[in-house]
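# Results of the structural survey
Okay, here's what each chain looks like letter by letter:
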Protein chains: 2
Amino acid sequence: MRIAIDAMGGDDAPKVIVEGVMLAAEAFPDTTMVMYGHQDEINKYLTKKLSNIEVIHTTEKISGDDDPVRSIRRKKEASMVLAAQSVKNGENDALFSAGNTGALLAAGTLIVGRIRGIDRPALMSTIMTLNKDRNKMLILDLGANADTKPENLNQYATIGSFYAQYVNKVDKPTVALLNNGTEDNKGNQVTKAAFNLLKDNETIDFIGNTEARDLFSGVADVLVTDGFTGNAVLKSMEGTALTIMQLLTTSIKEGGIKNKLGGLLLKDSLKEVANSLDYSKFGGAILFGVKAPVMKTHGATNDEAVFHTLKQTREILQSNVIEDVVKKFESN
Amino acid sequence: MRIAIDAMGGDDAPKVIVEGVMLAAEAFPDTTMVMYGHQDEINKYLTKKLSNIEVIHTTEKISGDDDPVRSIRRKKEASMVLAAQSVKNGENDALFSAGNTGALLAAGTLIVGRIRGIDRPALMSTIMTLNKDRNKMLILDLGANADTKPENLNQYATIGSFYAQYVNKVDKPTVALLNNGTEDNKGNQVTKAAFNLLKDNETIDFIGNTEARDLFSGVADVLVTDGFTGNAVLKSMEGTALTIMQLLTTSIKEGGIKNKLGGLLLKDSLKEVANSLDYSKFGGAILFGVKAPVMKTHGATNDEAVFHTLKQTREILQSNVIEDVVKKFESN
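Computed from a prediction, not measured in an experiment: that's the story for all the values here.

## Here's the deal with empty space enclosed by the protein
All names here are of chain A. Counted according to the given criterion, the structure contains 1 cavity of 30 Å³ or more. Each pocket or cavity is described by its volume, and for the largest cavity that value is around 30 Å³. Contributing to the lining of the largest cavity are Ile-139, Leu-142, Leu-178, Leu-215, Leu-223, Thr-225, Gly-230 and Val-233. Residues belonging to the lining of the largest cavity are distributed by class as follows: 6 nonpolar, 2 polar and no charged.

## Considerations on the packing of aromatic side chains
Residues and elements named next belong to chain A. Throughout the structure, instances matching the rule amount to 8 aromatic pairs over all chains. Between Phe-28 and Phe-307, the ring centres sit 5.8 Å apart and the planes meet at 10°, which makes this aromatic pair stacked. With Phe-28 in the loop between α1 (15–27) and β2 (32–37) and Phe-307 in helix α11 (residues 303–319), the pair connects residues that are 279 residues apart, well separated along the chain. Residue classification places Phe-28 among the buried residues on the basis of a relative accessible area of 10%.

## As for the sheet that holds strand β1 (residues 2–6) of chain A
Residue and element names in this part refer to chain A. Strand order in this open sheet of 11 strands is β3-β2-β1-β4-β11-β10-β5-β6-β9-β7-β8, and the pairing throughout is mixed. Each edge of the open sheet is held by one strand with a lone partner, namely β3 (53–57) and β8 (205–210). Direction aside, the axes of adjacent strands within the sheet are offset by 25° on average. Sheet topology places strand β4 (residues 94–97) next to strand β11 (residues 294–296); 3 bridges connect them, and they run parallel. Along β11, the bridge assignment pairs Phe-96 with Met-295.

## Quick word on the interface of chain B and chain A
How big an interface is tends to be reported as the loss of accessible area on association of its parts. Taken together, the 51 residues of chain B in the interface contact 51 residues of chain A. Summing both partners gives a buried area of about 4500 Å² for chain B against chain A, and 69% of it is carried by carbon and sulfur. Counting the surface chain B buries against chain A, the share from its top three residues, Arg-213, Phe-228 and Leu-265 of chain B, is 15%. Viewed at the interface, chain A and chain B are joined by 6 salt bridges. For Glu-238 of chain B, the salt bridge is made with Arg-213 of chain A, and the minimal N-O distance between the two is 3.3 Å. Seen at the junction of chain B and chain A, the total is 13 residue pairs in polar contact (both at pLDDT 80 or more). Residue contributions to the side of chain B that touches chain A peak at 20 residues, all from helix α8 (residues 227–254) of chain B. By residue class, the composition of the side of chain B that touches chain A is 23 nonpolar, 19 polar and 9 charged.

## Some remarks on the nonpolar core
Ile-72 of chain A together with Ile-72 of chain B are the most contacted members of the largest nonpolar core, which totals 104 residues. With residues up to four places along the chain from it excluded, the contact list for Ile-72 of chain A reads Ile-62, Met-80, Val-81, Ala-103, Ala-106, Ala-107 and Ile-111 of chain A.

## A closer look at the domain arrangement of chain A
Residue and element names in this part refer to chain A. Domain assignment breaks chain A into domain 1 (1–118 + 289–332) and domain 2 (125–280). Of the residues lining the interface, 17 residues belong to domain 1; the matching set on domain 2 comes to 13 residues. For the pairing of domain 1 and domain 2, the buried interface totals around 1200 Å² over both sides, and the portion due to carbon and sulfur atoms is 68%. Applying the counting rule to domain 1 against domain 2 returns 0 salt bridges. At the boundary of domain 1 with domain 2, the tally comes to 4 residue pairs in polar contact (both at pLDDT 80 or more). Elements that contribute at least two residues to the side of domain 1 that touches domain 2 include exactly α11 and α12 (321–331).

## Examining helix α9 (residues 257–265) of chain B
Within α9 of chain B, burial applies to Asn-259, Gly-262, Gly-263 and Leu-265 of chain B. Within α9 of chain B, the buried residues cover an arc of 165° as seen down the axis, which keeps them to one side. Every exposed residue of α9 of chain B that faces more than 90 degrees away from the buried side is listed here: Ile-257 and Leu-264 of chain B. Of the surrounding elements, those touching the buried residues of α9 of chain B are α9 (257–265) and α10 (267–277) of chain A together with α8 and α10 (267–277) of chain B.

## What about helix α8 (residues 227–254) of chain A?
All names here are of chain A. The end-to-end C-alpha separation of α8 is 40 Å, in line with the 40 Å expected for 28 residues at 1.5 Å each. Most of α8 sits out of view: 22 of its 28 residues are buried. Its side-chain oxygen 3.0 Å from the backbone nitrogen of Phe-228, Asp-226 forms the N-cap of α8.

## Re the pattern of salt bridges
Two side chains carrying opposite charge are able to pair once their charged atoms lie near each other. The final tally for this structure, using the stated rule, is 26 salt bridges over all chains. Measuring nitrogen to oxygen at the nearest pair gives 3.1 Å for the salt bridge that ties Asp-268 of chain A to Lys-258 of chain B. Taken together, the residues span two chains, with Asp-268 of chain A in helix α10 and Lys-258 of chain B in helix α9. For Asp-268 of chain A, a relative accessible area of 45% corresponds to the partly exposed category. On the accessibility criterion, Lys-258 of chain B (38% relative accessible area) is partly exposed. Here Lys-15 of chain B and Glu-19 of chain B are joined by a salt bridge, their closest N and O atoms 3.2 Å apart. Of this pair, Lys-15 of chain B and Glu-19 of chain B both sit in helix α1 (residues 15–27), 4 residues apart, which is roughly one turn of the helix.

What counts, and where the lines are drawn
Residues numbered from 1 in each chain as written. Chains lettered and ligands numbered in written order. Predicted model: local features only at pLDDT ≥ 70, side-chain atom pairs only at ≥ 80, totals over all residues. Heavy atoms only, no water. 1 Å grid on protein atoms, 1.4 Å probe; cavity = no way out; pocket = protein on both sides within 12 Å on 5 of 7 lines; lining within 4 Å. Points joined across faces, edges and corners; volume = space filled by probe spheres on them. Nonpolar A, V, L, I, M, F, W, Y, C, P; charged D, E, K, R; others polar. Phe/Tyr/Trp six-rings, centres within 6.5 Å; stacked < 30°, edge-to-face > 60°. Helix = DSSP H or I, 4+ residues; strand = E, 2+ residues; numbered from the N terminus. Buried < 20%, exposed > 50% of the residue type's maximum accessible area, 1.4 Å probe, protein only. Pairing = 2+ DSSP bridges. Axes fitted to C-alpha atoms, helices over the stretch in contact; angles between N-to-C directions. Contact = heavy atoms within 4.5 Å. Buried area = accessible area lost by both parts, 1.4 Å probe. Salt bridge = Lys/Arg side-chain N within 4 Å of Asp/Glu carboxyl O. Polar contact = N/O pair within 3.5 Å; in protein donor to acceptor, adjacent residues only side chain to side chain. Core = buried A, V, L, I, M, F, W, Y, C linked by side-chain atoms within 4.5 Å. Domains from an automatic or database assignment. Arc of directions from axis to C-beta. Expected span 1.5 Å × (residues − 1).

Right, here's the structure in full:
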């Protein structure tokens, strides 16, 4: 297995990328990590010479401000573009980047290429839940597509179920639809029509609507939503968590000695809570519905998140989920 | 001023409603509280006889499971329906309920009636922010309408600005559009078109797009969004806050003596954080765009939330905001 890595993408690249790659290369000798980026900058941080790390020198990079589609088309020598090309050409099996999300989605769709039969690839992540029997849930689409048709949601459900089964090893994954109420007749025009398609989709086990309030309850293994709502929900979860942690920290710091002591004693608890909310340990987001795994971590990533995403990429490759999604959609 | 109160709506009705009404009647002698509901059940909790509390005996009620529009049309003797009728007839000036949200929206739109020129009344709430200079923000629509046109969003911006100015006493309120990125060209078809309308709306001070991650930053005085996304965002904020508090409580309870002691010392801090997230102190949600204030609190409400919502209702009536919104839209 060979993973093409855009070493130049992300706020702290290539440092944290190289560090995460070294962790992964050590842990997984069966996987070759191919870093695309400026060799001098990469070598500065490449303190371990491992036989399963390769460096391909590139001279351009896509920045966070670049227009996604235009930069993919014009910056032909960019690390992300060349890494994506290598996957398209079959030299490597998967693409990884912590860079410009829009550009990565464009590289995935336009260079790696859609799976025939899937109209819109979707961005999918795993979040933790409080449910002991189902401690994680896949959500898609988190923003690959701003405008979504009912049929897209139905395809998300199918591919999400494949992933839950192949990669998360869930025997009979369940699927829920994010909606504005749990009753069957709830929704806007898109979700109402999607509900009917999902009900009739024989590939999946559809359990009905769920509300954003219950995201952490682990109601299903897969949650489908349009990319606009998915993006808003994920960001409001992040914003709320950050706000609460900030309020607590302020209250501890600006309170009296009692608060400070309490904060000290509860330090581990607070860290534990922050950790259990940190979904980067589940890996990154995948652009799912293209011909190879296209993986993304936060721009403000660290070496551990890079490691976990590369670990996840390897698991996806080992599971053969994409091959079987291709078969499923091509046979339709 | 006279407020018509559906005493039978909500999980713990009429008890908490009557208790909240007594608090408000005592605090605001200039306002008459007219409770609609079963007189025996109301009188059980009506421990204070105040001259500005009236009770209108009704024999039916709308439950949480009732179909909104059908129940409004068929249950002609329901407390909510008769309270709404009294507002339409001019006997009372505003409507309050903690009952079935869908039914209240239907009663507001179908009985109290839309303001001419406003195509879709919207559900609006106030949330707290971490911004010292702008510690609250109005959000609309939170779910009155599942399907939203760009023109609806533009009208939400206008009426939201009126409310910020008249009721929240903000001199020149700013308006932001909830979107999937902050750049001007971001969005789905609806938000892209709405952006252009908002830019050209001379009644408002439009500052552009904002993301759900920044809801607590207090970027603007008014945030407009379609009801489907607004509903999802508000519910995911609630769900996230609840989950974090649950994780912390578990960590404190199941941890050792150190955690328990820390939890004890930090009890006030935790309560303070929970309080600052509790937006019920800002009052309830208003169905805005109908001919009188139609006010809603959570079904799982308490006497304080009822009090704050009645206080807010009185402030809305005193501000004459609805009269001026009517003038604005009728003159168009």
